[in-house]
Number of protein chains: 2
Amino acid sequence: MTRTPTVPGRHDERGPEGRRPMRSAVLPGDSALSRLRPLDGAAVSMTSGFWAERIRTNRTTTIGAGHAQLIHAGNFQNLRLAAGANGRYQALSDTSGSPFPFLDTDVYKWLEAIGWELGRGRDPDMETAADEAIDLVRAAQHEDGYINSYVQVVGGGLPYRDLAWGHEFYCVGHLIQAGIAWQRSLDDGRLLGIAMRAADHIDREFGPGGRDGIDGHPEIEMALVELWRTTGERRYLDLASRLIELRGHGLLGAGRFGSAYWQDHAPVRTATTVAGHAVRQLYLDCGAVDVAVETGDQELLDAVIRRWTDMVATRRYVTGGLGSRRWDEAFGDPYELPPDQAYAETCASIASVMLGWRLLLATGEPRFADAIERTMFNGMLSGVSLDGTRFFYVNPLQVRSRRSAGEGEGAGRKAWYPCACCPPNLMRLLSSWEQYVASTDDAGIQIHQYGSGTIAAETAGGPVRLEVETDYPWHGRVLVRILESPAEPWTLTMRIPPGGRSVTVTDPAGSVVRPPVDAGSVDCHRAWRADDTVELAMELPPRVIASDPRTDATRGCVVVERGPLVYCIETADIPDAVELEDVAVAEAVEPVATDRSDVGASIVGLSMPASIRKGATSTLGNDIEIGAIPYFAWANRAVAAMRVWIPTVDSAAPTDTDTGPVEGSAQRDG
Amino acid sequence: MTRTPTVPGRHDERGPEGRRPMRSAVLPGDSALSRLRPLDGAAVSMTSGFWAERIRTNRTTTIGAGHAQLIHAGNFQNLRLAAGANGRYQALSDTSGSPFPFLDTDVYKWLEAIGWELGRGRDPDMETAADEAIDLVRAAQHEDGYINSYVQVVGGGLPYRDLAWGHEFYCVGHLIQAGIAWQRSLDDGRLLGIAMRAADHIDREFGPGGRDGIDGHPEIEMALVELWRTTGERRYLDLASRLIELRGHGLLGAGRFGSAYWQDHAPVRTATTVAGHAVRQLYLDCGAVDVAVETGDQELLDAVIRRWTDMVATRRYVTGGLGSRRWDEAFGDPYELPPDQAYAETCASIASVMLGWRLLLATGEPRFADAIERTMFNGMLSGVSLDGTRFFYVNPLQVRSRRSAGEGEGAGRKAWYPCACCPPNLMRLLSSWEQYVASTDDAGIQIHQYGSGTIAAETAGGPVRLEVETDYPWHGRVLVRILESPAEPWTLTMRIPPGGRSVTVTDPAGSVVRPPVDAGSVDCHRAWRADDTVELAMELPPRVIASDPRTDATRGCVVVERGPLVYCIETADIPDAVELEDVAVAEAVEPVATDRSDVGASIVGLSMPASIRKGATSTLGNDIEIGAIPYFAWANRAVAAMRVWIPTVDSAAPTDTDTGPVEGSAQRDG
């Protein structure tokens, strides 16, 4: 692999490893609006346990499988055609599905993932594949800096003719993020150079004083802020800020779905709720946070927090999934959360993790880390099979035993999608997941997510190294051991996951603290010495949670959780000859933990008594025992029925208050 | 208005008025598979009451408003361009929305409505508008018989290049039906001549021995059977039969939505359930019944009945609406019946009335008339405003108080739609509604739907004339008076609506019969004399019906009905400052009938006690009185919230079985 010189950047000197820049996708500058500082991803390792396994599968299997799929789907072919001298479009006989205008981003996200992975350790296959792809991207870029293989090859070659649907800024945004990853992770500026020229092309036409224009799909805003953070070139921040301000004034028109679809219905700093296409809204709000932090714009930051708070309260699935509507991939009305027709796109979960991280850094509030945890363990992780080779784009919370004709296949994971935004997005998130684990501030170190491994950080007094040992989320004990510490006291802050019960924190002196029941975190302030240990101990009892009465689609149902995990029932977990639709549980059901290593390594399942019902009118009875598995693990066995929300016996009982004759169907239909 | 000679047809002599053909959209031939015979629409009049008012509004307001909309939307302009000598496409500056390939059908359905209306009585404005449109259609037809203004003007002029999406057969199907209406209603063969030439063009290329091809949107099949019935030209029946047999073998490919979308996944005679796009499935099954009846194909008829029975049991909304999914306008899985995201397209309701009528004629079973009644009074009629000028394409069963940004408008009716299939479909159904009211067989006369007016029919012994007097659906008394009867005894069969209670039938001698509780109809066999009366008396108590426990989306809710009417609650019917989402009723609630002429003429509403809840956790209380109005009348006041399914107090009560701290959102979200 050839290295090109580092692009000069203001953060070059901040990393803990001297000249090498910090391996972090998000690096806020010092700002009154930024409470916490990210760590260098290189200073955090997850060596064993839940997340380490997922990171390893992503590195050793998923990224390679993604390369094969990108070849097969024609993404490279599109770039190759753009790179060709004549640039004439030839039919792509080997593409599956239409050549969408955003196909380049799948290459960029996959390259971003490799950028983070190579920072963690060399891999010749990845290096070869990435070098080839980077050369191709460079060759595809027009000499004026423009790059979008769809426009160059299929779309007539004229840039920026269809900002609403063309995804041109969006593609450059992903290119920038890939460039940032290679720069910060590997000190390799090849992609960043390409990205800067592409960003400059946009800036020349749409920057301050230029044409008013925004992309139908936000994404570039956060990338541009990071580009400013890396290069120190203020024009990128100004362009990002300008794009944020221009949105919400109807520039894009109504399109097929109305202007709220692309968040162009209300200014970003005044819109009170999330609206429209979920991924668009979440990427936009990531950029808004970044701009707010860098420009000290409290009003803009507050607007994002207000939307986030309302979203989590009224429009988020229990899995962390976002987006209730398939029609326009959009948020629904408040409390419109159908489990069966849930969209809950994997990309929306990923985007919400990215947004949660920015808000956590800006505010220091544990609720954002709580949300990241819920999404990562459930709605995000359901997007990839346990073996790392098959994906979900849509993550429903219910699939019925009897499905509409031709839909058997729909319930299963796919190796790739015609619109394959989710799989490479998943790759880049898992490749950078250690960046979300901990942070620092002037007081000390904060641990937000738990996994066995090591954390290194600079505190005011000097370098600190920690070791974390835990079987979380399967068990509730987290042991933190100090490996190295300066003499000066500092504060170790540990988030208390909301799924924990009877929480105790035992400090090096053996003192046991019981944090208040609603504490989001616990602080241990002291002068630490090597080999000091702190133990966070929680019980992780199964919890049965009733549906909010305002959520119409899950009225009369409960969901079962344990720790950060949401559970579901699949056909394989109930007796033969029972249909999942006929299963109900008592409202006061008490599930017990069980070993489910038959489903996947280390998996803790739940077991509980249930009743079955046959048909519309027969009464409940026939107590059976059913199993539940973590939602993230569903659809790894035979394609069958699944449900997260389980009807309670009371709600499932037939209640016929009409004794006279009615049309046969009147009691049977909807 | 100029008349052209009658096209010769085998049914010409069957009508009760001598030479004039019968005014009926469906005229099955004598067949072992046809139990009942339709009456001439001209022999049935609805003179006052519920349906008479709707028919009058349709005639005096809706059809004229439709004419203005067709002009505005560019439908005539498309035909005019096709008619032009050069045929070059000019941008349609006055069109709203894209020029869909099926725009011609809006003209045809509107013409069909006028055909039926002019049979009922002259109207100079309608005649002028129709004459002009017919001239235009004739001028637009290519000399070889082909006609589709989209293909001729926009689509490049080459026929049958995109059978899957082109809607070319579909358009000809509607043209044929308009031609049938003008022929049978007015003895005017102008449109039928055009339609025959268009059908012949298709037959030459796709008839027996020709190319294998079917249209992505079934419709022409039933039209071709009627064309055979009218003209006696066997090739039309053969073509219809061929199109039915060709479907279900993958000819259309998977398209965007899979082959089940257009019912091409399984042969029509073996598919066990409805599937895919609801209107496509229902039109297809109309054609399948027609072919089955004419060819004596019991297996094919049984397949349709089997699908219909399953559909009504598992996939039909309580309003009669069909189609749960917006994404592909499709049926959902069994019991997937979300009230908020219901599609329930007005056209699907209309198509199901058309299918129900064919099955009623074929079998004589009252359940099909029951279904027609439920759909007409609820899911169909909700498609048009009380004043006849504004329409719904989608008919949800719930609209929330708080909606997603930019969706305020979405809850209201529109004067027209870019894809405006529903309004003119509604026009033609209401213009021909008297055709669905009664039938004859060798035993006598059957009355299926109740409205004040007169019915004339031929019985074996001679002509019969009846007078019906009723305030149904507001009141449950139906008085039938014999005006004329032969001396020979015959049977008067009256359907017993499933919403009736304590049903009695009093015969001319004063004998009172109490039919069994589950009787679908009652027979009165006797030698009738003029002035004999039969009284069908029913109580129409409000009924409270619990949701089927298998219907996830309405678990823990009840629906309130009275007679054939499904009721709903709108914001205007609950106290100020209460949100509709916070209203619950007792499972044993007993609504009482109230006068609601404030909403619309004669409307009987319901009133009942209810509880309100504030937020997720506060308990229920604060008894209030709420009103409910018939579903068909919703959205005629201010655009606001509405719901058909009402949560019960038990299901609405917060049930928190988890006493420990959970993430703030865990109890609030999905």
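What counts and what doesn't
Residues numbered from 1 in each chain as written. Chains lettered and ligands numbered in written order. Predicted model: local features only at pLDDT ≥ 70, side-chain atom pairs only at ≥ 80, totals over all residues. Helix = DSSP H or I, 4+ residues; strand = E, 2+ residues; numbered from the N terminus. Buried ≥ 20, exposed ≤ 12 C-beta atoms within 10 Å, placed from the backbone. Contact = placed C-beta atoms within 7 Å. Pairing = 2+ DSSP bridges. Axes fitted to C-alpha atoms, helices over the stretch in contact; angles between N-to-C directions. Left-handed = near helix turned anticlockwise from the far one by under 90°. Nonpolar A, V, L, I, M, F, W, Y, C, P; charged D, E, K, R; others polar. Expected span 1.5 Å × (residues − 1). Parallel < 35°, antiparallel > 145°, perpendicular 65-115°, else oblique. Domains from an automatic or database assignment. pLDDT = per-residue confidence, 0-100.

Asks: Hey, could you go over the overall build of chain A for me, with residue numbers and the actual values?
Replies: When you go through chain A residue by residue, the secondary structure sums to 16 helices and 22 strands. Sorting the 670 residues of chain A into buried and exposed places 60% on the buried side. Partitioning the intrachain contacts of chain A with sequence separation of at least 6 by distance along the chain shows that 70% fall at a separation of at least 24.

Asks: If you had to explain the sheet that holds strand β13 (residues 533-539) of chain A to someone new, which residues and values would you point to?
Replies: The strands that make up a sheet pair up through hydrogen bonds in the backbone, lying either parallel or antiparallel. Residues and elements named next belong to chain A. Read across the open sheet, the 7 strands follow the order β2-β6-β7-β8-β13-β10-β11; overall the sheet is antiparallel. Among the strands making up the open sheet, the edge pair consists of β2 (44-48) and β11 (512-513). The pairing of β2 with strand β6 (residues 452-459) spans 4 bridges and is classified as antiparallel. Bridge pairing links S48 to S452 in β6. Docked against the sheet, helix α1 (residues 50-73) engages β2 and β6, running at close to 95° with respect to β2.

Asks: Provide a residue-level description of the sheet that holds strand β1 (residues 37-38) of chain A, including the pertinent values.
Replies: Spatially, 5 strands are ordered β1-β4-β5-β9-β12 (chain A) in an open sheet, and the strand pairing comes out mixed. For this open sheet the edge positions go to β1 and β12 (521-526) of chain A, each flanked by a neighbour on one side alone.

Asks: Tell me about the pairing of strand β7 (residues 462-470) of chain A, residues and numbers included.
Replies: All names here are of chain A. With 7 bridges joining them, β6 and β7 adopt antiparallel strand pairing. When the bridges of β7 are listed, I455 appears paired with L466. The turn linking β6 back onto β7 is made up of 2 residues. Note: β7 against strand β8 (residues 477-484), 6 bridges, orientation antiparallel. In the strand pairing of β8, V468 is matched with V480. If you look at the hairpin formed by β7 and β8, you'll find 6 residues sitting between the two strands.

Asks: Report on the packing of helix α7 (residues 168-186) of chain A against helix α9 (residues 220-231) of chain A, specifying residues and quantitative values.
Replies: Residues and elements named next belong to chain A. Closest axis-to-axis distance for the α7/α9 pair is 8 Å, and the angle between their directions is 35°. α7 and α9 meet at a crossing whose hand is left-handed. On the side of α7, the interface is formed by F169, Y170, V172, G173, I176, Q177, I180 and Q183, while α9 contributes I220, A223, L224, E226, L227 and T230. Split into classes, the residues belonging to the contact of α7 with α9 amount to 9 nonpolar, 4 polar and 1 charged.

Asks: Outline unusual backbone geometry, listing residues and values.
Replies: Most of the time, phi is negative for any residue but glycine, and the peptide bond is trans. Between Y472(A) and the following residue, P473(A), the backbone shows a cis peptide bond with an omega angle of 10°. Secondary-structure assignment places P473(A) in the loop between β7 and β8. For D531(A), which is not a glycine, the phi torsion comes out positive at approximately 80°. With respect to the helices and strands, D531(A) occurs in the loop between β12 and β13. Notably, E329(B) is not glycine yet its phi reads approximately 50°, a positive angle. According to the C-beta neighbour criterion, E329(B) is buried, with 21 such atoms within 10 Å.

Asks: Give a detailed account of the environment of P549(B), specifying residues and quantitative values.
Replies: All names here are of chain B. Within the secondary structure, P549 sits in the loop between β14 (543-546) and β15 (557-562). P549 gets classed as buried once you count the C-beta atoms within 10 Å, which come to 25. Residues P549 and Y335, spaced 214 residues apart in sequence, show a C-alpha to C-alpha distance of 9.3 Å.

Asks: Explain helix α10 (residues 234-246) of chain B to me, and be specific about the residues and the numbers.
Replies: All names here are of chain B. With 13 residues, α10 should cover 18 Å at 1.5 Å per step; its first-to-last C-alpha distance of 18 Å lies within 8% of that length. Every buried residue of α10 is listed here: Y236, L237, L239, A240, S241, R242, L243 and I244. Packing partners of the buried residues in α10 comprise α8 (190-206), α9 (220-231) and α11 (278-295). One or two residues past the end of α10 sits G248, with phi positive at roughly 100°.

Asks: Before we move on, can you summarise the packing of helix α3 (residues 103-120) of chain B against helix α15 (residues 422-431) of chain B with the specific residues and values?
Replies: All names here are of chain B. Contact geometry for α3 and α15: axes closest at 8 Å, N-to-C directions at 20°. Taken together, the axis directions place α3 and α15 in an arrangement best described as roughly parallel. Viewed along their axes, α3 and α15 form a crossing whose handedness is left-handed. Residues D106, K109, W110, E112, A113, W116 and E117 of α3 lie in contact with α15, whose contacting residues are P424, N425, M427, R428 and S431.

Asks: Mind laying out the domain arrangement of chain A, listing which residues take part and the relevant values?
Replies: All names here are of chain A. In terms of domain boundaries, chain A breaks down into domain 1 (49-248 + 259-436), domain 2 (438-539) and domain 3 (543-652). Counting residues at the interface gives 13 residues for domain 1 and 15 residues for domain 2. Of all the elements in the fold, those that place two or more residues in the side of domain 1 that touches domain 2 are α1, α13 (346-363) and α14 (366-380). The element that contributes the greatest number of residues to the side of domain 1 that touches domain 2 is α14, accounting for 6 residues. For the side of domain 1 that touches domain 2, a count of residues per class yields 9 nonpolar, 1 polar and 3 charged.

Asks: Quick one: what's the story with the environment of I114(B), residue by residue and with numbers?
Replies: Residues and elements named next belong to chain B. Summarising the element assignment, I114 is placed in helix α3. Overall, the presence of 30 C-beta atoms within 10 Å leaves I114 in the buried class. Along the backbone, I114 and S432 are 318 residues apart, and their C-alpha atoms lie at a distance of 9.9 Å. Setting aside anything within four residues of it in sequence, one finds I114 in contact with I63, M126 and A130.

Asks: A description of helix α15 (residues 422-431) of chain A should follow, citing residues and the corresponding values.
Replies: In terms of residue burial, α15(A) counts as a mostly covered element, since 10 of its 10 residues are buried. For α15(A), every residue scored as buried is listed here: C422(A), P423(A), P424(A), N425(A), L426(A), M427(A), R428(A), L429(A), L430(A) and S431(A).

Asks: Provide a residue-level description of the environment of V293(A), including the pertinent values.
Replies: All names here are of chain A. Tracing the backbone shows V293 in helix α11 (residues 278-295). For V293, a count of 23 C-beta atoms within 10 Å puts it in the buried group. Separated by 337 residues in sequence, V293 and P630 have C-alpha atoms that sit 37 Å apart. If sequence neighbours within four positions are ignored, V293 has contacts with P28, S31, L33, S34 and A362.

Asks: Describe the confidence of the model for chain A, and please don't skip the residues or the numbers.
Replies: Residues and elements named next belong to chain A. In the predicted model, chain A carries a mean pLDDT of 90, and the fraction of residues at 70 or more is 90%. Low pLDDT (under 50) marks residues 1-19, which in the prediction has 41 contacts with non-local residues, meaning those over four places away or in another chain. Across residues 655-670, where pLDDT falls below 50, the model places 46 contacts with residues more than four positions away in sequence or in other chains. For this predicted complex, the interface confidence score (ipTM) comes to 0.89, while the overall pTM stands at 0.92.

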